[in-house]
Amino acid sequence: RGAGGTTEGLAGGDRAHRARGSAPSPCARSVPGNYRTQLWDKQSESFLPSTPGLGMHVEVKDPDGKVVMSRQYGSEGRFTFTSHTPGEHQICLHSNSTRMALFAGGKLRVHLDIQVGEHTNNYPEIAAKDKLTELQLRARQLLDQVEQIQKEQNYQRYREERFRMTSESTNQRVLWWSIAQTVILILTGLWQMRHLKSFFEAKKLV
């Protein structure tokens, strides 16, 4: 499965173009991606085909917030990071537009494409390397697709387990909070009864 998108932002400051994607496999997996930037040209009122001189810093964080990749690239490039934790990963692209007065007040378009699953395989290259026939290559593709489906199912089971644990934890906290409220109400009632009794005894009403 491939994921792609386009983001736009003002180039007057360091801009962070963020994208999110899920890594379906619980084990370590290499995830490739590529991006391309386009700068808005005020004279032609259109985006330029390329943005020479613009630098982009790519940073990838796993679901735990740990940085798994941080590297400086040019206006366009290809990056690869290894996913060790299943879940939603955050990809952040920072531009160096503040250090380029030419881009001040402009717009910057970022094209981002993330390849996940069997789409990361270059089948023509695999066929040439392993000398596979068309039928063998098709069988290889089907096996990769079946493997990807199994990984997706494993990830869905993992998410279901995480959701169940979260629900049980929430229900347990609600139960303990209800018990705490009940105990507080009982103690408050006992304290009020004792206080009223002392008040009446002091006033010699009882």
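Only a predicted model underlies this, so the values are computations on that prediction, with no experimental measurement involved.

### A few points about the overall build of the chain
Point 1. Broken down by element type, the chain carries two helices and nine strands.
Point 2. What you see in the chain, going N to C, is helices and strands ordered as β-β-β-β-β-β-β-β-β-α-α.
Point 3. For the chain, with 206 residues in total, the buried portion stands at 30%.
Point 4. Relative to all contacts within the chain whose residues are 6 or more apart in sequence, the contacts with residues 24 or more apart total 73%.

### Brief notes about the pairing of strand β6 (residues 67–73)
Point 1. Where strand β5 (residues 56–61) and β6 come together, six bridges link them in antiparallel fashion. Its bridge partner being in β6, M56 is matched across the sheet by Y73.
Point 2. Where β5 folds back onto β6 in an antiparallel hairpin, the turn is made up of five residues, including G65, whose phi is positive at roughly 85°.

### Section: the layout of surface pockets
In this approach a probe as big as a water molecule rolls over the atoms, and the regions it shows empty are the leftover space.
Point 1. Space inside the largest pocket adds up to approximately 210 Å³.
Point 2. Lining of the largest pocket is provided by 11 residues; of these, P86, G87, Y155, Y158 and R162 occupy positions nearest its centre.
Point 3. Counting residues per element, the ones that place at least two in the lining of the largest pocket are β8 (87–95) and α2 (134–202).
Point 4. Partitioning the lining of the largest pocket into residue classes produces four nonpolar, three polar and four charged.

### Things to note about the packing of aromatic side chains
Point 1. As enumerated under the stated definition, the model contains four aromatic pairs in all.
Point 2. Seen in terms of ring centroids, Y35 and Y73 are 6.3 Å apart; in terms of plane orientation they differ by 80°. Their pairing is edge-to-face. With Y35 in strand β3 (residues 29–41) and Y73 in strand β6, this pair connects stretches of sequence that are 38 residues apart.
Point 3. Given the relative accessible area of 3%, Y35 is considered buried.
Point 4. Residue Y73 is classed as buried on the basis of its relative accessible area of 15%.

### Notes on the side chain of S83
Point 1. When you line up the elements, S83 lands in strand β7 (residues 76–83).
Point 2. One polar contact links S83 to H89, side chain to side chain, over a distance of 3.2 Å.

### Focus on α2
Point 1. An ideal rise of 1.5 Å per residue puts 102 Å on 69 residues; α2 measures up with 101 Å between its terminal C-alpha atoms.
Point 2. All of the buried residues in α2 are L137, Q141, D144, Q148, K151, E152 and Y155.
Point 3. With its phi angle positive at about 55°, K204 sits one or two positions after the end of α2.

### A closer look at the UniProt feature "transmembrane region" (unreviewed entry) in the chain
Point 1. Listed under "transmembrane region" (unreviewed entry) in the UniProt record, and renumbered for this structure, are residues 174–193.
Point 2. Split by type, residues 174–193 is 100% helix and 0% strand. Its first and last C-alpha atoms lie 29 Å apart.

### Quick word on the pattern of salt bridges
Point 1. Summed over the entire model, instances satisfying the criterion amount to three salt bridges.
Point 2. Residue D144 pairs with R140 through a salt bridge whose shortest N-O separation is 3.8 Å. Of this pair, D144 and R140 both sit in helix α2, separated by four residues, roughly a single helical turn.
Point 3. For E168, the salt bridge goes to R164, with nearest N and O atoms at 3.3 Å.

The rules we used
Residues numbered from 1 in each chain as written. Predicted model: local features only at pLDDT ≥ 70, side-chain atom pairs only at ≥ 80, totals over all residues. Heavy atoms only, no water. Helix = DSSP H or I, 4+ residues; strand = E, 2+ residues; numbered from the N terminus. Buried < 20%, exposed > 50% of the residue type's maximum accessible area, 1.4 Å probe, protein only. Contact = heavy atoms within 4.5 Å. Pairing = 2+ DSSP bridges. 1 Å grid on protein atoms, 1.4 Å probe; cavity = no way out; pocket = protein on both sides within 12 Å on 5 of 7 lines; lining within 4 Å. Points joined across faces, edges and corners; volume = space filled by probe spheres on them. Nonpolar A, V, L, I, M, F, W, Y, C, P; charged D, E, K, R; others polar. Phe/Tyr/Trp six-rings, centres within 6.5 Å; stacked < 30°, edge-to-face > 60°. Polar contact = N/O pair within 3.5 Å; in protein donor to acceptor, adjacent residues only side chain to side chain. Expected span 1.5 Å × (residues − 1). UniProt positions renumbered as here; feature names shortened; annotations may be inferred. Salt bridge = Lys/Arg side-chain N within 4 Å of Asp/Glu carboxyl O.

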